[in-house]
Amino acid sequence: MDLRSEFYCKASSPYKWMYVIITLKSRESLLPLVVIFLCIFLIILLAAGTTKWYAVDLALFFRGLGLVQNKRNDGKIYDAYVIYQKDNVDEEMKKKLAHFIYRVLPAVLEKSCGFKLCIYGRDDLPGEADCIELTEMRMQLSRRLIVVLTPGNSREQGPMTPAQDYDWQVGLHQVLFQQETRMILIQLGDIKDYSHLPLGLQHLLQKGPPLKWNEASRRAASPSSHFWKKVRYMMPVIPAQQCSPNLGSSQFHFPQYPDTWC
């Protein structure tokens, strides 16, 4: 009732008098302010979630626009050295592994994305396949290590040759101790137990799961699939040949080593 009433106030003195009318007003509601802050919070939350969900797509989009121009000549020749289990796998997995290593990886990362890979068995000259010194050198000339994990490769099925075991140990040493190279873990098939892998790999798997390639997927070899987007995101921002165009594989020659070293 008082909010609808008008109060007349009068003040007077021998010299001056004042007359005012006072009307009471209701207190303004805080609801609009609360709604505004709630909307801003939801927008920020939505933007953060969208950015996190599409972080890989956004990063690849900005790379495609050429906004990253920090081309540094680090002397690297390869963008990635590929490590995989060469023995102690069954015939079916051996065929799947060969298809992935020699056909799918080069088709996606080299032909479609412009990266340069160093693959054991493909990039070796005659007589170099089991040279452990060349293996170490090629790893040092690579920016990433791609490790392909396969099931059923237990060490109890048979010992690996020195060169096969050496690339695993050198790669883990560079990643864990020297911290010179980043490792990309890719898994083929279902692996329930990683206890057969080197302890260093088991430590890395505890920090994060590997990327699982689904051969049965229709987009198994598509660079725009979710799997290959993650692989591309973990690869160098700029291919090594763009940073060091004078160090292409056709122009670079490895030093000759004595035959007794291999």
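Structural notes, computed from the coordinates. (Residues numbered from 1 in each chain as written. Predicted model: local features only at pLDDT ≥ 70, side-chain atom pairs only at ≥ 80, totals over all residues. Heavy atoms only, no water.)

1. Remarks on the pairing of strand β3 (residues 78–84)
Then, in step 1: Most of β3 sits out of view: seven of its seven residues are buried.
Then, in step 2: In this sheet, strand β5 (residues 142–149) lies alongside β3 in parallel orientation, the contact comprising six bridges. From the neighbouring strand, Y84 faces β5, where its bridge partner is V148.
Then, in step 3: By the bridge criterion, three bridges tie β3 to strand β4 (residues 117–119) in an arrangement that is parallel. Directly across from V82, in β4, lies its bridge partner I119. (Buried < 20%, exposed > 50% of the residue type's maximum accessible area, 1.4 Å probe, protein only. Helix = DSSP H or I, 4+ residues; strand = E, 2+ residues; numbered from the N terminus. Pairing = 2+ DSSP bridges.)

2. Considerations on the packing of aromatic side chains
Aromatic ring pairs are described here by two measures, namely the spacing of the ring centres and the angle between the planes.
Then, in step 1: Summed over the entire model, instances satisfying the criterion amount to five aromatic pairs.
Then, in step 2: Their ring planes at 65° and their centres at 5.6 Å tell us that F61 and F62 sit as a pair that is edge-to-face.
Then, in step 3: With relative accessibility at 49%, the residue F61 sits in the partly exposed group.
Then, in step 4: Plain terms: the ring middles of F100 and W213 are 4.8 Å apart, the flat faces sit at 50° to each other, and that makes the pair tilted. Here W213 lies in strand β7 (residues 211–213) and F100 lies in helix α3 (residues 91–112), a separation of 113 residues in the sequence. Of the two residues, F100 and W213, neither departs from the other in class, the shared state being buried.
Then, in step 5: Ring pairs connect the aromatic residues F100, W213, F227 and W228, which therefore count as one cluster. (Phe/Tyr/Trp six-rings, centres within 6.5 Å; stacked < 30°, edge-to-face > 60°.)

3. Looking at helix α7 (residues 226–234)
Then, in step 1: Along α7, the residues classified as buried are F227, W228 and V231. Buried residues in α7, looked at end-on, bunch into an arc of 90°, giving them a common side.
Then, in step 2: Among the structural elements, α3, β6 (182–188) and β7 are those in contact with the buried residues of α7. (Arc of directions from axis to C-beta. Contact = heavy atoms within 4.5 Å.)

4. Some thoughts on the side chain of R144
Then, in step 1: Tracing the chain through its elements places R144 in strand β5.
Then, in step 2: What makes R144 buried here is its relative accessible area of 13%.
Then, in step 3: Within the structure, R144 has its side chain in polar contact with the backbone oxygen of M234 (distance 2.8 Å).
Then, in step 4: Among all residues touching R144, those that are not within four sequence positions of it are D79, A80, Y81, T181, R182, I184, M234, M235 and P236. (Polar contact = N/O pair within 3.5 Å; in protein donor to acceptor, adjacent residues only side chain to side chain.)

5. Digging into the side chain of R143
Then, in step 1: Looking at where R143 falls in the secondary structure, it is placed in strand β5.
Then, in step 2: R143 sits in the buried class, given a relative accessible area of 10%.
Then, in step 3: Among the polar contacts listed, one links the side chain of R143 to the backbone oxygen of I238, at a separation of 2.7 Å.

6. A look at the nonpolar core
Then, in step 1: By size, the foremost hydrophobic cluster in this structure holds 50 residues, and its most contacted members are F100, L109, I146, L201 and W228.
Then, in step 2: At eight residues, the largest contribution of residues to this core is made by α3.
Then, in step 3: Apart from residues no more than four positions distant in its own chain, I146 is found in contact with A80, Y81, V82, I83, L109, L117, I184, I186 and M235. (Core = buried A, V, L, I, M, F, W, Y, C linked by side-chain atoms within 4.5 Å.)

7. Some words on a nonpolar patch on the surface
Then, in step 1: Together, W53, Y54, L58, F61, F62 and L65 make up a nonpolar patch on the protein surface, roughly 680 Å² of accessible area in all.
Then, in step 2: Considering every element that reaches the nonpolar patch, the biggest residue donor is helix α2 (residues 55–64), with three residues.
Then, in step 3: Assignment of secondary structure puts W53 in helix α1 (residues 31–53). (Patch = residues over 30% accessible without salt bridge, like charges linked within 9 Å, V, L, I, M, F, W, Y side chains within 5 Å. Areas by Shrake-Rupley, 256 points an atom, 1.4 Å probe, with all protein chains shown as cover. Salt bridge = Lys/Arg side-chain N within 4 Å of Asp/Glu carboxyl O.)

Any functional reading would require information that these geometric values do not contain.
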